[in-house]
Amino acid sequence: MPFVATLLTLAAAAASHAADAPVIGLITKTETNPFFVKMKEGAAEAAKTAGAKLLSGAGKADGDNAGQVTAMENMIAAGAKTILITPSDSKAIVPAIKKAQGKGVMVIALDSPTDPAEATDALFATDNYKAGVLIGQYAKAALAGKPAKIVTLDLFPGHPVGAQRHNGFLKGFGLAAPDAKSNELGKAAEVVCMADSFGDQAKGQTAMENCLQKAPEVTVVYTINEPAAAGAYNALKKAGKEKGVIIVSVDGGCQGIKDVGAGVIAATSQQYPLKMAAMGVDAGVAYAKSGKKVSGYTDTGVTLIAGKPVAGVDSKDVATGASLCWGKK
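J.: What exactly am I supposed to notice about the packing of helix 5 (residues 128-143) against helix 6 (residues 160-173) here?
T.: With their axes 6 Å apart at the nearest point, helix 5 and helix 6 run at an angle of 35 degrees to one another. When the axes of helix 5 and helix 6 are compared, the crossing they make is right-handed. Here helix 5 contributes Asn128, Tyr129, Gly132, Val133, Ile135, Gly136, Gln137, Ala139, Lys140 and Leu143 to the contact with helix 6, which in turn contributes Val161, Gln164, Arg165, Asn167, Gly168, Phe169, Lys171, Gly172 and Phe173. Among the residues forming the contact of helix 5 with helix 6, the class breakdown is eight nonpolar, eight polar and three charged.

J.: Could you clarify how one ought to interpret unusual backbone geometry in this entry?
T.: The bulk of non-glycine residues show a negative phi, and the bulk of peptide bonds are trans. In this structure, the amide linkage connecting Asp115 to the following residue, Pro116, adopts the cis form with an omega of 10 degrees. Following the sequence through the fold, Pro116 ends up in the loop between strand 4 (106-110) and strand 5 (122-125). Although it is not a glycine, Asp111 adopts a positive phi angle of roughly 70 degrees. Mapped onto the elements, Asp111 comes out in the loop between strand 4 and strand 5. Even without being glycine, Phe198 reaches a positive phi, approximately 60 degrees. Positionally, Phe198 belongs in the loop between strand 7 (191-196) and helix 7 (201-214). Taking relative accessible area as the criterion, Phe198 reaches 40% and is therefore assigned partly exposed.

J.: Please explain the state of the cysteines as it appears in this structure.
T.: In protein chemistry, a disulfide is the covalent bond that joins the sulfur atoms of two cysteines. For the coordinates displayed, the defined rule picks out two disulfides. Paired by a disulfide, Cys193 and Cys211 hold their sulfur atoms 2.1 Å apart. For the disulfide bridge between Cys193 and Cys211, the dihedral angle about the S-S bond is near -70 degrees, and by the sign convention the bridge is left-handed. With a gap of 18 residues between them, Cys193 in strand 7 and Cys211 in helix 7 connect regions that are remote in the sequence. Accessibility assignment for this pair places Cys193 and Cys211 in one class, buried. There is a disulfide in this structure between Cys254 and Cys325, and the S-S distance comes to 2.0 Å. Looking along the S-S bond of the Cys254-Cys325 disulfide, the torsion reads about 90 degrees, which is the right-handed sense. Remark: Cys325 occurs in the segment after helix 11 (318-324) and Cys254 occurs in helix 9 (residues 254-261); sequence separation between them is 71 residues. Cys325 carries the same exposure label as Cys254, and that label is buried. Sequence-ordered numbering of the bonded cysteines in the protein chain gives a disulfide pattern of 1-2, 3-4.

J.: Help me out: how do you make sense of the side chain of Thr268 in this one?
T.: In this structure, Thr268 sits in strand 10 (residues 267-270). The exposure class of Thr268 is buried, given its relative accessible area of 0%. At 3.4 Å, the side chain of Thr268 and the backbone nitrogen of Val250 are in polar contact. Ignoring any residue separated from it by four or fewer positions in sequence, one finds Thr268 in contact with Ile135, Glu226, Ser249, Val250, Asp251, Gly252, Ile257, Val260, Thr303, Leu304 and Ile305.

J.: Help me understand the layout of surface pockets, please; the structure alone is not making it clear to me.
T.: Leftover empty space is mapped by rolling, across the atoms, a probe with the size of a water molecule. Here the largest pocket defines a volume of roughly 760 Å³. Lining of the largest pocket is provided by 34 residues; of these, Asn33, Pro34, Gly199, Asn225 and Pro227 occupy positions nearest its centre. Counting only elements with at least two residues in the lining of the largest pocket, the list comes to helix 2 (34-50), helix 6, helix 7, helix 8 (226-238) and helix 9. The biggest single contributor to the lining of the largest pocket is helix 9, with four residues. Counted by class, the lining of the largest pocket contains twelve nonpolar, eleven polar and eleven charged residues.

J.: Sorry if this is basic, but what is going on with the pairing of strand 3 (residues 82-85) here?
T.: Along a regular strand, successive side chains alternate from one face of the sheet to the other. Burial along strand 3 is two-sided: Thr82 and Leu84 facing one way and Ile83 and Ile85 facing the other are all buried. Both strand 1 (residues 23-28) and strand 3 contribute to a ladder of four bridges, which runs parallel. The partner of Ile24 across the bridge, within strand 3, is Thr82. Pairing between strand 3 and strand 4: four bridges, direction parallel. Bridge pairing in strand 4 places Ile85 opposite Ala109.

What counts, and at which threshold
Residues numbered from 1 in each chain as written. Predicted model: local features only at pLDDT ≥ 70, side-chain atom pairs only at ≥ 80, totals over all residues. Heavy atoms only, no water. Axes fitted to C-alpha atoms, helices over the stretch in contact; angles between N-to-C directions. Helix = DSSP H or I, 4+ residues; strand = E, 2+ residues; numbered from the N terminus. Left-handed = near helix turned anticlockwise from the far one by under 90°. Contact = heavy atoms within 4.5 Å. Nonpolar A, V, L, I, M, F, W, Y, C, P; charged D, E, K, R; others polar. Buried < 20%, exposed > 50% of the residue type's maximum accessible area, 1.4 Å probe, protein only. Disulfide = S-S within 2.5 Å. Polar contact = N/O pair within 3.5 Å; in protein donor to acceptor, adjacent residues only side chain to side chain. 1 Å grid on protein atoms, 1.4 Å probe; cavity = no way out; pocket = protein on both sides within 12 Å on 5 of 7 lines; lining within 4 Å. Points joined across faces, edges and corners; volume = space filled by probe spheres on them. Pairing = 2+ DSSP bridges.

Here it is in structure tokens:
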């Protein structure tokens, strides 16, 4: 009997410990994008290390606000006291965030800010404006004085990340551009075509094909991310125009870094989703233990990875990018 009693005591202690484990929710834009897959992996590893319970959810596709709202409500019902979210719709998600905060839940944005950014308790993300500036500087230097005829393959209207990367690119290229707080896309005379790609390869290819009809003499292509860049390259190759066009992008996923090495993309600004997720989980655990919330913006870093270095622009090589990339290697 004492042995059985001891087992029951241990079981009860284990159950109590499990019940005391901080519950943290992670809501990404999708479950399929390698960036968010890596983010989820990073959060799961950090939660395991810290003895926290991780709940995960996502929208069905980029822009699915309703799916994210449902995930948030389910997580609150399951006892989450911290929710990490990459907002699909930066404005539409705000009422759900305020509702969560009203119930004592700390909400941290990862990768993408809300609109207004102050709607979440904190933001852990790449400086997307800086990411754009870096590839803009690179494209300007790589163009080496040739006429700038720029195509931009953007995300979709009104999204802060899309605006920050686009406007940062213009700024880095030396063109007039809105500042980092603006969600409007700037346009200069050198931009001969702007199109939305939704960060998707197939949509990026279609957008590039349409832009080639309008501006066949393109010399530079800016893309919101590397899948869109791959689509742009396919369109250029199909038209026999892939040589002599500089494609620059943002993300730093393993496939994107391979594309830099293969000359598909000239340079990309690499960001670090695993770091964002780990920091978010750590903040959630600290909140559960101390009741102290994090606040403000934390820059999780960005590095320019280039196939060929250019004078005056600091960059790292493909090998460095490959050692730090995410997704399938």
